[in-house]
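# Notes for the structure review
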Amino acid sequence: MEGLQIGKKDQFIEKVLLNSTELRLLGSTSGLEIMHQTIYKNRMFYLYPSDNPDVTEFIYFISGKVTGEINKEKVELVPGDYCLVNGLKDPVHFTALTDVTYLIVTTEHSFSHISNEILTLKGFVNQVEKKDRYTFLHSERVAEYSIMIAKKLRLSPEQLKSLYLAAGYHDVGKINVPEEILNKPGSLTDEEFDIIKKHPVDSVKMIQHIYSGKILKIIEQHHERLNGSGYPYGLKEDEILFESKIIAVADTFDAMTEDRAYRKAFSAQYALEEIKRLSGTHYDEKVVAAFEAVLMEEGKI
Ligand SMILES: [Fe+2]
Ligand SMILES: [Fe+2]
């Protein structure tokens, strides 16, 4: 009938899938978008303040359970609970305790944006993953640690957004590093290390047609160290973006605490001690202190 559209269960206009989420567009009119999202267990998701104060977003939980912290109070949301978001000042994050589904009604046209972003990201990370299974999960964890550090340090919503994206893409340039070098046990030759050193710039080249400015700079500098001993440019102190300093710590920690082809994982405590030993010379002291607090809160140390 004209003016009426009936959708049956599991029908959708468009669907995007990523490791941690599935998003379906159910309906779209000039002023409204209705989406169905699934977030898988143990993954995080965020409510971000909108740049446009008129935007309203309504989220209705259908199944599963999430937990989050709002004004220092723990909140649990279960089926039937909902959030109405309008004029949000600070980002809020939730962790899915089970697989979670919810409905989103928003006055902002975001699906095409999210959908293209997710698909591009998915394409790249799939390529990298084929070669190096480790990189994909690594990037997700680095993004999550980075956001926790940034929130501790009260970075602005814009900073959080670019940090999250930059962390997600930081190593995609590793697609150009031969497998034998990526997974080589023992130390690398100078030539091999020179190839590794290209990956921050290669990551930038791979996504510069979608993103610009700050995000690219953050990625490019994620292996720079305070005393100038990093790469690709040997930048020092204030020459390095604060967001890159955050990724540097999260990245090192994650690399040390995961099993690699050539060695067993170090304990969280050991990895943190190593990072603390280099605090002030390699890593930013404020970032390291915030990260220690995050690990303590998360019960990792
Ligand atoms: Fe890297
Ligand atoms: Fe990394």
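Residues numbered from 1 in each chain as written. Chains lettered and ligands numbered in written order. Predicted model: local features only at pLDDT ≥ 70, side-chain atom pairs only at ≥ 80, totals over all residues. Heavy atoms only, no water.

## A closer look at the coordination of the iron ion (ligand 1)
- Around the iron ion (ligand 1), the protein contributes the donor atoms Asp171 (OD), His199 (NE2), His222 (NE2) and His223 (NE2), at 2.2 Å from the metal centre.
- Positions of the donor residues of the iron ion (ligand 1) along the chain correspond to the pattern D-x27-H-x22-H-H. (Donors = N, O, S within 2.8 Å, 3.2 Å for Na, K, Ca; no water.)

## Observations concerning empty space enclosed by the protein
- A complete count under the given rule lists 1 cavity of 30 Å³ or more for this structure.
- Of the voids in this model, the largest cavity is the one considered here, and its volume is about 40 Å³.
- As for the largest cavity, its lining consists of Glu224, Arg225, Leu226, Ile240, Lys245, Ala248, His282, Tyr283 and Asp284. (1 Å grid on protein atoms, 1.4 Å probe; cavity = no way out; pocket = protein on both sides within 12 Å on 5 of 7 lines; lining within 4 Å. Points joined across faces, edges and corners; volume = space filled by probe spheres on them.)

## Comments concerning the coordination of the iron ion (ligand 2)
- His138 (NE2), His170 (NE2), Asp171 (OD) and Asp251 (OD) make up the full set of protein donors to the iron ion (ligand 2), lying at 2.1 to 2.3 Å.
- Around the iron ion (ligand 2), the 4 donor atoms are arranged such that angles at the metal cover 74 to 168 degrees; this shape is classified as irregular.
- Within one chain, the residues donating to the iron ion (ligand 2) are spaced in sequence as H-x31-H-D-x79-D.
- Separating the iron ion (ligand 2) from the iron ion (ligand 1) is a distance of 3.6 Å, and Asp171 supplies a donor atom to each of them. Residue His138 is located in helix α2 (residues 133–152), and its partner His170 is located in the loop between α3 (157–169) and α4 (179–182); the two are separated by 32 residues in the primary sequence. (Tetrahedral: all angles 85-135°; square planar, octahedral: opposite > 155°, others 65-115°. Helix = DSSP H or I, 4+ residues; strand = E, 2+ residues; numbered from the N terminus.)

## A word on the nonpolar core
- Counting 44 residues, the largest nonpolar core has Ile207, Phe253 and Phe291 as the members making the most contacts within it.
- Every element with two or more residues in this core is listed here: β4 (44–47), α2, α3, α6 (199–207), α7 (214–220), α8 (242–256), α9 (268–277) and α10 (285–297).
- One finds Val16, Leu25, Met35 and Leu77 within the second-largest nonpolar core, a separate group that totals 19 residues. (Core = buried A, V, L, I, M, F, W, Y, C linked by side-chain atoms within 4.5 Å. Buried < 20%, exposed > 50% of the residue type's maximum accessible area, 1.4 Å probe, protein only.)

## Re unusual backbone geometry
- Following Tyr231, the chain continues into Pro232 via a peptide bond in cis, with omega recorded as 5 degrees.
- Inspection of the secondary structure puts Pro232 in the loop between α7 and α8.
- Despite not being glycine, Asn42 has its phi angle at roughly 75 degrees, a positive value.
- Within the secondary structure, Asn42 is located in the loop between β3 (32–39) and β4.

## A word on the packing of aromatic side chains
- Per the stated rule, a full pass over the model turns up 9 aromatic pairs.
- With a centroid separation of 5.0 Å and 25 degrees between ring planes, the pair formed by Phe266 and Tyr270 is classed as stacked.
- We classify Phe266 as partly exposed; its relative accessible area is 33%.
- The class of Tyr270 is partly exposed, set by a relative accessible area of 40%.
- Aromatic rings pair up to connect Phe58, Tyr60 and Tyr82 into one cluster. (Phe/Tyr/Trp six-rings, centres within 6.5 Å; stacked < 30°, edge-to-face > 60°.)

## Concerning the layout of surface pockets
- Looking at the second largest pocket, its volume works out to about 1300 Å³.
- Contributing to the lining of the second largest pocket are 36 residues, with Glu69, His93, Met148, Lys151 and Glu297 lying nearest its centre.
- Elements represented by at least two residues in the lining of the second largest pocket include exactly β6 (66–70), β9 (92–96), α2, α3 and α10.
- Of the residues that make up the lining of the second largest pocket, three or more belong to each of domain 1 (14–109) and domain 2 (127–297). (Domains from an automatic or database assignment.)

## Examining the side chain of Gln221
- For Gln221, the position within the fold is in the loop between α7 and α8.
- Leaving out residues up to four positions away in the same chain, Gln221 has contacts with Leu235, Glu239, Ile240, Leu241 and Ser244. (Contact = heavy atoms within 4.5 Å.)

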